[in-house]
Amino acid sequence: MNGRRIGYLAAIVTIAASGYYFFVYLTRWEWNRALTSGVILLAAEIALFGALVLDRIGKLRGSLAPVSPGRRDPRPQVLARIRESAPAHRNHFAWLRPDSTNVFVPVLLGAGVVVSGVAWLVERVARATAGKQMERGLALQLDVLAPPAEGLIVREADPFSLFAPANGPKAGVS
Amino acid sequence: MKRAIVYLVLIVGGVFGIKAMGDATQTRVDERHDDMKTEVVVHLEGKNYRQSLDTAAFALWGSCSATVGGDLVDPGIEPLGDGTYRFAMTPSLGHHGKERLLGCLRDLGIDRVKSNVESVNDVPLV
């Protein structure tokens, strides 16, 4: 007899005895004793009910558990059936098979990569060469807007020539 | 049919059981005699009771006197020594009255006092 059965037996004996004395004390008009027996009766009933419910819950949990905690190796029949019903292996790179002609997308992807690389190379070369050439062209175009090299005022050799008469030499001056 | 018989037996048993419990726990008319008295001898034991046992005897009588009608016969609560007390009531108590009174006396109604009814006798009132 295990501990659980001993506990159940003790609870049942307690319920029976306290229930018997509950009525005995009632018939003897001993209310305090009857109340005490009633409290013991209720406590034993609650304990027994709780133990039964917990036991039932434990059994339900055990029945719902997929694998018992103590079991390490699966049953071979179950394992074989699972392997039989497993889906066929899927080849995710079937399009790479040599006998397959459905290679348009990968070729397109590969061509895109190559074209992107070429474009990157062209852009680098252009940045290194075309910029300087365009700067030279722009500087030449802006040359027409530059002021004359000798300046806008013509310098005379004789600064007093401005005071000379416009039509021949004046009288009295020799 | 068998189930009906079982139900009938259970119902009849329940009715008689409830009636028996009612007779045992409810107040019923008793046969009492005016020329008789019911003499009760009680033994008291106190555990950390801070007063004398005489006080406990009076407290016990005061607590249980309401369960029965009648008068306390002189000389009242009489100490017989060693925690034993005797008192008598008239008219004499009937069966149900004795059950109520003795149940109250034995019921640990006074804190720290344990009482034990030693004898209950119906004797002529002199």
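The rules behind the values
Residues numbered from 1 in each chain as written. Chains lettered and ligands numbered in written order. Predicted model: local features only at pLDDT ≥ 70, side-chain atom pairs only at ≥ 80, totals over all residues. Helix = DSSP H or I, 4+ residues; strand = E, 2+ residues; numbered from the N terminus. Buried ≥ 20, exposed ≤ 12 C-beta atoms within 10 Å, placed from the backbone. Contact = placed C-beta atoms within 7 Å. Axes fitted to C-alpha atoms, helices over the stretch in contact; angles between N-to-C directions. Parallel < 35°, antiparallel > 145°, perpendicular 65-115°, else oblique. Left-handed = near helix turned anticlockwise from the far one by under 90°. Nonpolar A, V, L, I, M, F, W, Y, C, P; charged D, E, K, R; others polar. Pairing = 2+ DSSP bridges. Core = buried A, V, L, I, M, F, W, Y, C linked by C-beta atoms within 7 Å.

Participant: So, the overall build of chain B: which residues are in play, and what are the values?
Facilitator: A count of helices and strands for chain B gives 3 helices and 5 strands. Each helix and strand of chain B, placed in order from N terminus to C terminus, yields the pattern α-β-α-β-β-β-α-β. Relative to its full complement of 126 residues, chain B shows a buried share of 23%. Taking as baseline every contact in chain B between residues at least 6 positions apart, the subset at least 24 positions apart corresponds to 73%.

Participant: So what's going on with the packing of helix 2 (residues 53-64) of chain B against helix 3 (residues 95-106) of chain B? Residues and values would help.
Facilitator: All names here are of chain B. Interaxial distance between helix 2 and helix 3 falls to 9 Å at its minimum, and their mutual angle equals 135°. When the axes of helix 2 and helix 3 are compared, the pair comes out oblique. For helix 2 against helix 3, the interelement crossing comes out right-handed. Between helix 2 and helix 3, the residues in contact are Leu 60, Ser 63 and Cys 64 and Leu 101, Cys 104 and Leu 105, respectively. For the contact of helix 2 with helix 3, the per-class residue count stands at 5 nonpolar, 1 polar and no charged.

Participant: Can you explain the interface of chain A and chain B? Please cite residues and give values.
Facilitator: Many authors give the size of an interface as the accessible area that is lost as the parts come together. Taken together, the 8 residues of chain A in the interface contact 10 residues of chain B. Elements with a minimum of two residues in the side of chain A that touches chain B: helix 1 (3-27) and helix 2 (31-64) of chain A. No other element matches the 3 residues that helix 2 of chain A contributes to the side of chain A that touches chain B. Partitioning the side of chain A that touches chain B into residue classes produces 3 nonpolar, 2 polar and 3 charged.

Participant: Describe the pairing of strand 4 (residues 84-90) of chain B, listing the residues and the values that go with them.
Facilitator: Residue and element names in this part refer to chain B. Across 6 bridges, the pairing between strand 1 (residues 36-46) and strand 4 is antiparallel. Bridge assignment links Val 42 to a residue of strand 4, and that residue is Tyr 85. With 2 bridges connecting them, strand 2 (residues 71-72) and strand 4 associate as antiparallel partners. In the sheet register, Asp 71 faces strand 4, and the bridge partner there is Thr 90.

Participant: Can you lay out the nonpolar core for me, pointing to particular residues and giving the numbers?
Facilitator: Residue and element names in this part refer to chain B. Counting residues in hydrophobic clusters, the biggest one holds 20 residues, and the most contacted among them are Leu 44, Ala 56, Leu 60, Leu 101 and Leu 105. Elements with a minimum of two residues in this core: strand 1, helix 2, strand 4 and helix 3. Beyond its immediate chain neighbours, meaning those up to four positions away, Leu 60 contacts Leu 105, Ile 110, Val 113 and Ser 115.

Participant: Run through unusual backbone geometry, naming residues and quoting values.
Facilitator: Residues and elements named next belong to chain B. That bond from Asp 74 to Pro 75 is cis: its omega, 10°, falls within 30 degrees of zero. Tracing the backbone shows Pro 75 in the loop between strand 2 and strand 3 (78-81). The omega torsion across Thr 90 and Pro 91 is -5°, close enough to zero to call that bond cis. Among the structural elements, Pro 91 can be located in the loop between strand 4 and helix 3. Of note, Asp 82 is a non-glycine position whose phi angle comes to about 60°, a positive value. Among the residues examined, Asp 82 registers 8 C-beta atoms within 10 Å and is labelled exposed. Phi at Arg 112 takes a positive value of approximately 70°, unusual for a residue other than glycine.

Participant: Describe the environment of Thr67(B), and please don't skip the residues or the numbers.
Facilitator: Residue and element names in this part refer to chain B. Inspection of the secondary structure puts Thr 67 in the loop between helix 2 and strand 2. Separated by 32 residues in sequence, Thr 67 and Glu 99 have C-alpha atoms that sit 9.6 Å apart. With residues up to four places along the chain from it excluded, the contact list for Thr 67 reads Arg 100, Leu 101 and Cys 104.

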